Each structure stands twice: as C-alpha cells, then as structure tokens.
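Remarks on the overall topology
This is what each chain is made of:
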Number of protein chains: 2
Amino acid sequence: MNDAFRPHAFADESLLQQALTHRSAGPRHNERLEFLGDALVNLIVAEALYRRWPKADEGALTRARAGLVCESALAVLARELHLGDRLALGPGELKSGGARRDSILADALEAVVAAIHLDAGFEACRAAVLPWFAAGIEALPAGKVGKDAKTRLQEWLQGRQRALPEYTLIEATGEEHDRSFKVACGVADPPLRAEGTGSSRRGAEQQAAAEMLRLLEAADD
Amino acid sequence: MNDAFRPHAFADESLLQQALTHRSAGPRHNERLEFLGDALVNLIVAEALYRRWPKADEGALTRARAGLVCESALAVLARELHLGDRLALGPGELKSGGARRDSILADALEAVVAAIHLDAGFEACRAAVLPWFAAGIEALPAGKVGKDAKTRLQEWLQGRQRALPEYTLIEATGEEHDRSFKVACGVADPPLRAEGTGSSRRGAEQQAAAEMLRLLEAADD
C-alpha cells in the first residue's frame, strides 16, 4: 500500500470519500466539489506561475496554465497519484473502465483539491497541491514564459529563418512627464503590421511585438 | 473623499498603484496582476456560491458564477467602488474616456484583488472581496440555483404550459448493495428523450432531468 492515494490527513474523511465518488455511484458524488476544485487548481497554478516567472506577460502565463491544468494533464497527475484505485464508480462505469478515463480522473482530482480546502483551508490546500504541479512549472521553457515579447518575437522568426522585425515610431505625444508613444512593428513573411502604445518607446515596442506574435501564431495555425 | 477607493490597508502601497495602472500608462502595469486576480475572483465567488447554495448542482453554480464575474458585472462593482477615479491611464486612453470603459475597469478590479492577496494573503483577500459580491449572491433566484433538476425541469415546463415529463425505468442491474438504475425522461413538446444512470432510481431520474433541461434550453435558444 505504499502507493495508496493519501493527499492530505483529513479531519473529515467523508469529504475525501465524496470527492472520490463519481455521480454514477451515488447521490453524494463529487460534481459540486469538482466545481470548487477547478477554481482552486486554477488559482494555485496561476499564483505559482506568477511567482516563478516574474517576466512572463499575461498571455504567456495564461497559455502556460492552460497546458498545466487541462484535462489530460490532470489525468496524468491522477494516475501518478494512483487515484483511480480509490474511485467509487457505478457498475456501468466500472465495467466500461471509467477509472481509466481522463475526464473521470481529472474531475476527481479537482474534487479532492476542494475536499482538502474545505477540510483544512486554503493554505493547507495549496501546500498539498503545489507539489503536484512543481515539476511541470519548472519544466516550462524559459523562452516561452520568461522572456519579453521582443525577444520572443525575434526567436520565433529566427527559428523559422525569417527576416527580423522592423520597429517604427509613428507618434510621440504629451508633455515630458506624461509621454505617449505609438510604434509599428512590421515583418515581411507574411507581410504583417502590428501597433503598440506605451509611455515609453520600449514599452510601445513590446506591446507591438506581443501583438505581432499573436498575429503570426494565428497565421501559422 | 468619503468615496475614495480604499479596498484594503496595504502594507505595500506600490501593489495597489500597480493594480491601478493600465498598460498605456507605464511599464509597471496591471496585466500580470489581472491574470492572478481573475483566478482569485473565480475562486472566491465559487466558494461563496458553493456554501450558500448547498443544493445547487454544478451546472447551476457555473452559470451563477458566470453572471457574477463577467466583465460587465465587475465593471459595475468597480464603478460602485469609485475605482475609475484612481486609475492611471496613458494620455490616449485618458482622452478617449478609458476610465469609463468596462474592460479597463473590470481588469483593474481583478488586479486589485491580486494586489490584496499578494499584500496580505488569501484570507485577507477573501475578507475584502466577498462583501462586493454578497448582494449578488443573495439575489440569485433560489429556483435557479437551489432546486434539484427534477423540480427545475417541472417548473420550466409548467412555466411554458407544456405537459410534464414522464420517467421510465429502463434497466436495474447489480446486487443489492451495488445497484445501478437507468431511467429515461421523455417530454412531448418538442418530443425529446434523455437518459440518466445512478445507484438509486431517484438519482437516475435527477440525472435524466438535468440532461433534459439542457436539451430543452438548447432547443429554446
């Protein structure tokens, strides 16, 4: 029983039991807990990314989190934790192998997170849950989340042997203490143009580069 | 200055300043904080709904939260809190009335939530934020979030002068301690049929009713 699923020392074991009960197995099932657990996982991973990658912009953080908390990633964690062995499933789900299904495993894992939170509070929940995601957060490529938009755009283009972007100042307005800059970022292949504004020229360029990256990634899809 | 925006006694006032700085106004802006604050608001409201509406199913909780935390609802809160008066905007945004725009207000409010969390921790953040949503949570119609699926389906049909649903037991399998029921729920107008399974006949009926409600609401759109 070394591998038994014991994510937290529950004061109220019935919370864990409910979290591990699929709705096919009884009226006290884990769907409401899953609703709460989903929000907890999102926050715990958001905060960890925010602290670990102080230079990542909002878009990079959002994309990184989406990869870490998607159903398939949660199911992988649930399997590592041997959660499936503890699941309560109705006979139909049991017969059809529900304990191996990604959606059932991911939902149950989220429900367990909520159970810990209700049992012992947010701090205890975060302490129990964060280690599950630590390896995934550390493994994120710094080039994706840790670099600014101009650097990422440059690397994106270099990686595809395309010409580097050109930044052009379009407008500079305002008094010295309250300046506003508008910058255009242009690339040749495909011919695209993005604009950015900011209180510094560099800030405007960063915004234009981020917008250009979005355009290029959309065009590449 | 009675109406000044003071959501929390900050130990680190620079966090609040950053939260109130739009990206048009400088490099230390609120976009990363908004990413974190969005997750905090989602969790704080999710937990409040979970506790306040112990009979609401996951779908009802999800819909209720979506209404409470959407951009327009957050902008209304931001206006009640007079947050716009404190916003730092670039000259372009200032001129075009950015301080009155829903998206800028909602994003800044989320960023403020994150600033409180980073300043004082989750418990302090929840204590500061929950009152903003209390009225909205209390105002939710019990018929939407507090009732079970069979009741909601019945009321939905009665409200439209349509015939009530019929529940039919399709299958009952398993030993006494591990029974599984499959139930069909049928309505006449439009002719639709939904199935549910559960370890009790009532549980299977609830699941079938919830599915039927989804079908009817989709057909009604």
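Residues numbered from 1 in each chain as written. Chains lettered and ligands numbered in written order. Predicted model: local features only at pLDDT ≥ 70, side-chain atom pairs only at ≥ 80, totals over all residues.

With respect to the overall build of chain A
Put simply, the rule is: Under the scheme used here, helices are H or I runs from DSSP no shorter than 4 residues and strands are E runs no shorter than 2 residues, and both carry numbers assigned from the N terminus. When we talk radius of gyration, it's over C-alpha atoms, and the globule rule is simply 2.2 Å times the number of residues to the 0.38. Field definition: a residue is buried when 20 or more other C-beta atoms are found within 10 Å of its C-beta, exposed when 12 or fewer are, and partly exposed for counts in between, with C-beta atoms placed from the backbone.
Looking only at helices and strands, one finds ten helices and three strands in chain A. N-terminal to C-terminal, the α/β element order of chain A is α-α-α-α-α-α-α-α-α-β-β-β-α. Taken over the C-alpha trace, chain A has a radius of gyration of 23 Å; the compact-globule value for 221 residues is 17 Å, which it surpasses by more than 25%. Dimensions of chain A, computed from C-alpha atoms along their principal axes, come out at roughly 65 × 40 × 30 Å. Counting all 221 residues of chain A, 45% fall into the buried class.

Focus on the relation of the copies chain A and chain B
The condition that has to hold: Least-squares superposition aligns the copies on the C-alpha atoms of those residues with pLDDT at or above 70 in both. What counts as a contact is two residues whose backbone-derived C-beta atoms lie within 7 Å of each other.
When chain A is fitted onto chain B, the two copies agree to an RMSD of 0.2 Å after a turn of 180° and an axial shift of 0.0 Å. In short, the pair behaves as if placed about a two-fold rotation axis. In this assembly the copies share their binding face: 100% of the residues contributing to the interface of chain A also contribute to that of chain B.

As for the sheet that holds strand β1 (residues 166-173) of chain A
All names here are of chain A. Let me state the cut-off plainly: In this scheme, strands are said to pair when DSSP sees at least two bridges between them. Lines fitted to C-alpha atoms define the axes, with helix axes restricted to the stretch in contact, and inter-axis angles between N-to-C directions lie between 0 and 180 degrees.
Strand order in this open sheet of three strands is β1-β2-β3, and the pairing throughout is antiparallel. Strands with a single pairing partner mark the edges of an open sheet, and in this sheet they are β1 and β3 (192-198). Ignoring strand direction, the axes of neighbouring strands in this sheet form an average angle of 20°. Sheet topology places β1 next to strand β2 (residues 180-187); seven bridges connect them, and they run antiparallel. By the bridge assignment for β2, Leu-169 is matched with Val-183.

Digging into the interface of chain A and chain B
Selection rule: When residue character is reported, Ala, Val, Leu, Ile, Met, Phe, Trp, Tyr, Cys and Pro are called nonpolar, Asp, Glu, Lys and Arg charged, and the others, Gly included, polar.
Taken together, the contact between chain A and chain B spans 35 residues of the former and 35 residues of the latter. If you tally residues by element for the side of chain A that touches chain B, the top one is helix α2 (residues 31-52) of chain A, at twelve residues. Taken together, the residues that form the side of chain A that touches chain B break down as twelve nonpolar, 15 polar and eight charged.

Brief notes about the domain arrangement of chain A
Where we set the bar: An automatic or database domain assignment supplies the residue ranges for each domain.
Entries for chain A in the domain assignment read domain 1 (13-145) and domain 2 (149-220). Put simply, the middle of domain 1 of chain A and the middle of domain 2 of chain A, counted by C-alpha atoms, are 37 Å apart.

Notes on the environment of Glu-217 of chain A
Residues and elements named next belong to chain A. Relative to the assigned elements, Glu-217 resides in helix α10 (residues 201-220). On the basis of neighbour counts, which here come to 12 C-beta atoms within 10 Å, the residue Glu-217 falls in the exposed class. Here the alpha-carbon distance between Glu-217 and Glu-34, two residues 183 residues apart in the chain, equals 33 Å.

A word on helix α9 (residues 149-158) of chain A
In an α-helix, one turn spans 3.6 residues, which is why side chains three or four residues apart end up on the same side. Note the cut-off: As used here, the arc belongs to the directions running from the helix axis to the C-beta atoms.
Taken residue by residue, α9 of chain A has Ala-149, Lys-150, Arg-152 and Leu-153 of chain A as its buried positions. Each buried residue of α9 of chain A sits inside an arc of 165° when the element is viewed along its axis, so together they form one side.

Some words on the environment of Leu-33 of chain A
Relative to the assigned elements, Leu-33 of chain A resides in helix α2. Leu-33 of chain A has contacts with Gln-18, Ala-19, Ala-111, Ala-114 and Ala-115 of chain A, leaving out every residue within four places of it along the chain.

Description of the nonpolar core
Condition: Defined on buried residues, the nonpolar core groups Ala, Val, Leu, Ile, Met, Phe, Trp, Tyr and Cys residues joined through C-beta atoms within 7 Å.
Core analysis: the largest hydrophobic core is formed by 99 residues, its most contacted members being Ala-108 of chain A together with Ala-108 of chain B. Apart from residues lying up to four places away in sequence, Ala-108 of chain A is in contact with Ala-19, Leu-20, Asn-30, Ala-78, Leu-83 and Leu-87 of chain A.

Description of the packing of α2 of chain A against helix α3 (residues 58-69) of chain A
Residues and elements named next belong to chain A. Note the following rule: With respect to orientation, any angle under 35 degrees is reported as roughly parallel, any angle over 145 as roughly antiparallel, any angle of 65 to 115 as roughly perpendicular, and every other angle as oblique. Two helices that cross are described as forming a left-handed crossing if the nearer one is turned anticlockwise from the farther one by less than a right angle, and a right-handed crossing if clockwise.
The N-to-C vectors of α2 and α3 enclose an angle of 130°; their axes lie 10 Å apart at closest approach. By the criterion of interaxial angle, the relationship of α2 to α3 is oblique. The way α2 lies across α3 gives a crossing that is right-handed. Of the residues in α3, those touching α2 at Val-41, Asn-42, Val-45, Ala-46, Leu-49 and Tyr-50 are Leu-61, Ala-64, Arg-65, Leu-68 and Val-69.

A word on the pairing of strand β2 (residues 180-187) of chain B
All names here are of chain B. Of all the eight residues making up β2, six are buried; the element is thus mostly covered by neighbouring parts of the structure. Note that β2 and strand β3 (residues 192-198) share seven bridges and pair antiparallel. Among the inter-strand pairings, Gly-186 is bridged to a residue of β3, identified as Arg-193. The turn linking β2 back onto β3 is made up of four residues.

Details of the sheet that holds β2 of chain B
All names here are of chain B. Strand order in the open sheet formed by three strands is β1-β2-β3, with antiparallel pairing between adjacent strands. With partners counted over all chains shown, the strands left at the sheet margins are β1 (166-173) and β3, one partner each. With direction set aside, neighbouring strand axes in the sheet form an average angle of 20°. Strand contacts of helix α10 (residues 201-220): β1, β2 and β3, with the helix running at about 145° to β3, the strand carrying the most contacts.

Remarks on unusual backbone geometry
All names here are of chain A. Asp-189 connects to Pro-190 through a cis peptide bond whose omega is -5°. Here Pro-190 lies in the loop between β2 and β3. Look at Gln-161: it is not a glycine, yet its phi comes out positive at around 50°. Relative to the helices and strands, Gln-161 is located in the loop between α9 and β1.

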